[in-house]
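Understanding the architecture of this molecule
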Amino acid sequence: MTWSGYAQEKSKQPNIVFIVCDDLGYGEVQALAPETSKIKTPSIDQLTREGMVFTDAHSGSAVCTPTRYGIMTGRYSWRTKLQRGVVQGFAPNLIKEDRPTIANFLKDQGYHTALIGKWHLNFQYIDPVTKTAIEKKSKKHLPPVGATIPDGPINRGFDYYHGFHHAKDMKAVIENDKVILYDDEINMLPRLTTKSVDYINQQAKNKEGKPFFLYVPLGSPHTPILPSKEWQGKSGMGDYADFVMQTDATVGAITDALEANGLSENTLVIFTSDNGTSKAADIEGLAAQGHIVSAGYRGSKSDLWDGGHRVPFIVKWPSKVKPNSTNDDLICLTDIFATFSEITAVPVPSKAGEDSVSFLPALHGEAINSTRAGVIHHSITGHFAYRLGKWKLLLAKGSGGWSSPREKESADMPKAQLYDMENDPAETENLYTKRPEIAEQLLEQLELDIKTGRSTKGEFSENDVDKIVLWKTKPKRKKSKN
């Protein structure tokens, strides 16, 4: 049976569970980097044995908000007003109300949709007394219990939402469209674990027979690094390693719930991360203990180098995906939308998913049919990079992020970087001045992908902003001789 033929059997539409960790680097998973990963991750390792590992998967950005926008919409976030950094909440939703998301797309196909975890794409809070929008007065300002949310996940396609906006607002627990209570941050990961398991248990009892989509964007192992009491000291490598182990246990609890309810066979499970490991993890301290968070790829969260955005990506789908298999194709988290579209055999809506390519054929051991030339990378400072085949062009002198050398430390370096990722995956030899013809080819394709409002074949789509600055590092002015 072909994939489309399978998808058209509506009674067999798969449940989908999509788990996204926060700041979990490629090298954190033992099965992905057995020689350099010293933190035990048995549950995620089990997924690799039961499913397919994509070795060249990338988040849409090296930081949180833009990646999550790309996941939800199948579109790069720099096409919006968010040109760098992340959002802080207490503001209108970054996803426009009329833009299709993976949630309302699947809802239209008969799925029950739930989000349990971190949103971090902005929404507003309405004061329960004054009925007006609340302004953020400080970094630690929390919305009051009872505040309502007019433009949150419930208004972007989810039937159910339980979680928080982002790390600094984690004390404020939200259910559906209301702040329901304050809780200590250390309780959030156990809360999300329990709620995810409860949701699966409830869906197993659903007499309507509707498939479900459970999106679990965890807030861990991002700061605040707060492993629960029973996990403290488990790793012998510090709080961060303990928190990674606890995060792994959450993955195990979710997959165990699927198994216990007899749902595993017809459930597609995807596990990944929103970007590389944060420096808050004490990367150097972990390295001293033999643990390399990026598995040898250069850089970490925020950077244009692959350590910033090459992420774990594992897919389990019993009887559909070959166990213990790997795929080396270049994919991006923006590809989720088109993949869900092909699974359900329903086209991506017009002017949606502009940067999304289905990787469904790869799950069946076939070639990905892509109309996209390459993948665009983006750093916290808004610097661009372009990956085409084995070549990667970085429009930055340094990391484009928090790692050294930063742009201000790179005055005497070439204005851009070019790497052969096949022969130099650690990005050690800059070939920008040696292979100018390759650099020019990648730059032209990047410029085209920006100008046309999409990187895939399809109807022209406007970017949300008129001008997108391609080169973020301005050339240093020469001092006047006068």
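Everything numeric here is computed off the predicted structure, so don't read it as measured data.

What counts and what doesn't
Residues numbered from 1 in each chain as written. Predicted model: local features only at pLDDT ≥ 70, side-chain atom pairs only at ≥ 80, totals over all residues. Heavy atoms only, no water. Helix = DSSP H or I, 4+ residues; strand = E, 2+ residues; numbered from the N terminus. Buried < 20%, exposed > 50% of the residue type's maximum accessible area, 1.4 Å probe, protein only. Contact = heavy atoms within 4.5 Å. Lys, Arg positive; Asp, Glu negative; His and termini not counted. Charge placed at Lys NZ, Arg CZ, Asp CG, Glu CD. 1 Å grid on protein atoms, 1.4 Å probe; cavity = no way out; pocket = protein on both sides within 12 Å on 5 of 7 lines; lining within 4 Å. Points joined across faces, edges and corners; volume = space filled by probe spheres on them. Nonpolar A, V, L, I, M, F, W, Y, C, P; charged D, E, K, R; others polar. Pairing = 2+ DSSP bridges. Axes fitted to C-alpha atoms, helices over the stretch in contact; angles between N-to-C directions. Polar contact = N/O pair within 3.5 Å; in protein donor to acceptor, adjacent residues only side chain to side chain.

On a plain count of helices and strands, the protein chain comes out with ten helices and 14 strands. With the C-alpha coordinates aligned to their principal axes, the bounding extent of the protein chain is approximately 80 × 55 × 50 Å. The 482 residues of the protein chain split such that 59% are buried. Here the contacts in the protein chain between residues at least 6 apart in sequence split such that 72% fall between residues at least 24 apart. A distance of 5 Å separates the average location of the 59 positive side-chain charges in the protein chain from that of its 59 negative side-chain charges.

Turning our attention to empty space enclosed by the protein. Overall, the coordinates contain three cavities of 30 Å³ or more when judged by the stated rule. Along the walls of the largest cavity sit 13 residues, with Met-170, Met-188, Leu-189, Gly-219 and Phe-243 positioned nearest its centre. Counting residues per element, the lining of the largest cavity draws most heavily on helix H5 (residues 188-204), at four residues. Taken together, the residues of the lining of the largest cavity sort by class into ten nonpolar, two polar and one charged. The volume enclosed by the second largest cavity comes to roughly 40 Å³. Taken together, Cys-21, Leu-24, Glu-28, Val-29, Thr-41, Ile-44, Val-244, Thr-247 and Asp-248 make up the full set of residues lining the second largest cavity. In terms of residue count, the dominant contributor to the lining of the second largest cavity is helix H6 (residues 239-260) (three residues).

To continue, consider the sheet that holds strand E4 (residues 160-164). Overall, mixed pairing links the ten strands, which are arranged E6-E5-E4-E3-E7-E1-E8-E9-E2-E10 in an open sheet. Lying at the two open borders of the sheet, with one neighbouring strand each, are strand E6 (178-182) and strand E10 (325-332). Neighbouring strand axes in the sheet, compared pairwise and without regard to direction, differ in orientation by 15° on average. One ladder, built from two bridges, connects E4 with strand E5 (residues 172-175); its direction is antiparallel. Pairing of His-162 across the sheet is with Glu-175, part of E5. Its contacts with the sheet place H5 against strand E3 (112-118), E4, E5, E6 and strand E7 (212-217), and it is angled at close to 170° to E3. Most of the contacts of helix H8 (residues 336-344) go to strand E8 (residues 267-273), to which it runs at about 175°, and overall it touches strand E1 (15-21), E7, E8, strand E9 (313-316) and E10.

Before going further, it helps to spend a moment on the sheet that holds strand E13 (residues 391-394). Pairing is antiparallel in the open sheet, where four strands are placed in the order E11-E12-E13-E14. If you trace the sheet from one side to the other, it starts and ends with strand E11 (375-378) and strand E14 (417-420), each paired once. The sheet shows a mean angle of 20° between the axes of neighbouring strands, taken without regard to direction. Strands E11, strand E12 (384-388), E13 and E14 of the sheet are contacted by helix H10 (residues 436-451), whose axis makes an angle of about 110° with E12.

With respect to the helices and strands, the residue Ser-235 is situated in the loop between E7 and H6. Spatially, the C-alpha atom of Ser-235 lies 7.3 Å from that of Met-245, the residues being ten residues apart in sequence. Not counting chain neighbours up to four residues away, the residues in contact with Ser-235 comprise Ala-241, Asp-242 and Met-245. Engagement of the side chain of Ser-235 in a polar contact is seen with the backbone nitrogen of Met-237, the distance being 3.0 Å. In terms of polar contacts, Ser-235 uses its side chain to reach the backbone carbonyl oxygen of Gly-238, at 3.4 Å.

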